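So the chains spell out like this:
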Amino acid sequence: RGPMSFLEKLKMLPRLKQVSDIFPQEVRRAPCFDVVIEDPSFELLPVCKCWPKDGGRFITLPMVFSRDPVTGATNCGMYRLQIYDAKTCGMHWHLHKGGAEHLRRMKERGEVLPVTIVLGAGPAEIFSATVPLPPDVNEMMFAGLLRGSPVKVVKCRTNDLLIPAEAEIVLEGYVDPGELRLEGPFGDHTGYYSVADMYPVFHLTAMSMRRDPIYPHTIVGIPPMEDAYIGEAIEELFTPILRKQFPEIVDMHMPVW
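Residues numbered from 1 in each chain as written. Predicted model: local features only at pLDDT ≥ 70, side-chain atom pairs only at ≥ 80, totals over all residues. Heavy atoms only, no water.

Engineer: Help me out: how do you make sense of the overall build of the chain in this one?
Structural biologist: For the chain, the count of helices and strands is five helices and 14 strands. By the compact-globule yardstick of 18 Å for 257 residues, the chain fits well, its C-alpha radius of gyration being 18 Å. With respect to the principal axes defined by its C-alpha atoms, the chain has extents near 60 × 45 × 40 Å. Buried residues in the chain amount to 47% of all 257 residues. When the accessible surface of the chain is summed, it comes to about 13400 Å², and 56% of that surface belongs to carbon and sulfur atoms. Across the chain, the 27 positively charged side chains and the 33 negatively charged ones have centroids separated by 5 Å. (Helix = DSSP H or I, 4+ residues; strand = E, 2+ residues; numbered from the N terminus. Rg over C-alpha atoms; globule rule 2.2 N^0.38 Å. Buried < 20%, exposed > 50% of the residue type's maximum accessible area, 1.4 Å probe, protein only. Areas by Shrake-Rupley, 256 points an atom, 1.4 Å probe, with all protein chains shown as cover. Lys, Arg positive; Asp, Glu negative; His and termini not counted. Charge placed at Lys NZ, Arg CZ, Asp CG, Glu CD.)

Below is the structure:
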């Protein structure tokens, strides 16, 4: 039998949690905590307003970490974040997203949801935040599979989440399930503005960063933009999985324009 294919490795991920070459390795010290900001503020970041009719300035390349209070599974997704003021931003969680499910479960408990926003990390980690993985597959484990070495992770300063130790900027806080605020419009992937709607709100309570950090940003809008090539990579990786579920599929490609 030849080497295991990428598809076979992906199918085995939930059973490989102890394999040293992909399972995240926790460390105690990390460069993302080199500089601790005593008065955290979004105003310290060069957040851009991408298009004239956008509802405000948006962080467009974040890794958003939260934990399911029932299963304990961590989710890392990429959701746009509209800056409202120095301490709050929108959390663009659609109803079917992992973070939104975590928030619903915390609402049942009457508690706020701890959330950490990470800006900047390795390419595999950032890409993994965009990938539609099953809830039982850890995104940082998937990143370890892609890069062929484990992602070093570190516990946040003020909550119990593990994040990439090589991050540039770390924003810790919470989302209150009882609070919604108008978010948008936003010049979106389709080349049109998505309409404004009510979304949860992230409250910034702690902030740290590397020395001389790099702020990552991508422009989303009239295709093709940078995010179009992320979509093509997802197609390439996941079409074989779709074919396993739906044998009638020969190939898949979604043109960006």
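Engineer: Please explain the sheet that holds strand 1 (residues 25–27) as it appears in this structure.
Structural biologist: Sheets are built from strands that pair by backbone hydrogen bonding, the pairs being arranged parallel or antiparallel. If you trace the three strands from one edge of the open sheet to the other, you get 1-9-10, paired in mixed fashion. If you trace the sheet from one side to the other, it starts and ends with strand 1 and strand 10 (162–164), each paired once. When the angles between neighbouring strand axes are averaged without regard to direction, this sheet yields 45°. Here strand 9 (residues 152–155) runs beside strand 10; their pairing, made up of three bridges, is antiparallel. Looking at strand 10, one finds that valine 153 is bridged to proline 164. (Pairing = 2+ DSSP bridges. Axes fitted to C-alpha atoms, helices over the stretch in contact; angles between N-to-C directions.)

Engineer: Help me understand the pattern of salt bridges in this model?
Structural biologist: If the charged atoms of two oppositely charged side chains come close together, the side chains can form a pair. Using the criterion set out here, one finds 13 salt bridges in the structure. Between arginine 104 and glutamate 101 there is a salt bridge whose closest N-O contact spans 2.7 Å. Of this pair, arginine 104 and glutamate 101 both sit in helix 2 (residues 98–109), three residues apart, roughly one helical turn. Residue class for glutamate 101 comes out partly exposed when judged on its relative accessible area of 26%. Close ionic contact of glutamate 166 with arginine 210 constitutes a salt bridge, the shortest N to O distance being 2.7 Å. Within this pair, whereas glutamate 166 is found in the loop between strand 10 and strand 11 (169–183), its partner arginine 210 is found in the loop between strand 14 (197–209) and helix 5 (226–245), the two being separated by 44 residues in sequence. By relative accessible area, which is 38% here, glutamate 166 ends up partly exposed. (Salt bridge = Lys/Arg side-chain N within 4 Å of Asp/Glu carboxyl O.)

Engineer: Hey, could you run me through the environment of lysine 49 in this one?
Structural biologist: Mapping lysine 49 onto the fold places it in the loop between strand 2 (35–37) and strand 3 (58–59). Judged by relative accessible area, lysine 49 falls into the partly exposed class, the value being 47%. Distance from lysine 49 to glycine 187, taken between C-alpha atoms, is 9.9 Å for residues 138 residues apart in sequence. Setting aside chain neighbours within four positions, we find lysine 49 in contact with Asp54, Gly56 and Arg57. A polar contact is formed between the side chain of lysine 49 and the backbone oxygen of proline 52, at a distance of 3.3 Å. (Contact = heavy atoms within 4.5 Å. Polar contact = N/O pair within 3.5 Å; in protein donor to acceptor, adjacent residues only side chain to side chain.)

Engineer: I keep staring at the nonpolar core and nothing clicks. Help me out?
Structural biologist: The tendency in soluble globular proteins is for nonpolar side chains to be buried side by side. Judged by nonpolar contacts, the single largest core of 27 residues is most densely connected at Phe42, Leu45, Met91, Trp93, Ile117, Leu171 and Phe202. Contributing elements (two or more residues each) for this core: helix 2, strand 8 (113–119), strand 11 and strand 14. Dropping the residues within four chain positions of it, isoleucine 117 is found in contact with Pro62, Met63, Val64, Leu81, Cys89, Met91, Ile169, Val170, Leu171 and Phe202. Formed by 22 residues, the second largest nonpolar core is a distinct cluster that contains Cys32, Ala129, Met140 and Val154. (Core = buried A, V, L, I, M, F, W, Y, C linked by side-chain atoms within 4.5 Å.)

Engineer: I tried to follow the pairing of strand 9 on my own but got confused; where do I start?
Structural biologist: Consecutive side chains of a regular strand alternate in pointing toward one face of the sheet and then the other. With three bridges joining them, strand 1 and strand 9 adopt parallel strand pairing. Paired with glutamine 25 across the two strands is lysine 152, which belongs to strand 9.

Nothing here speaks to function; it is geometry throughout.
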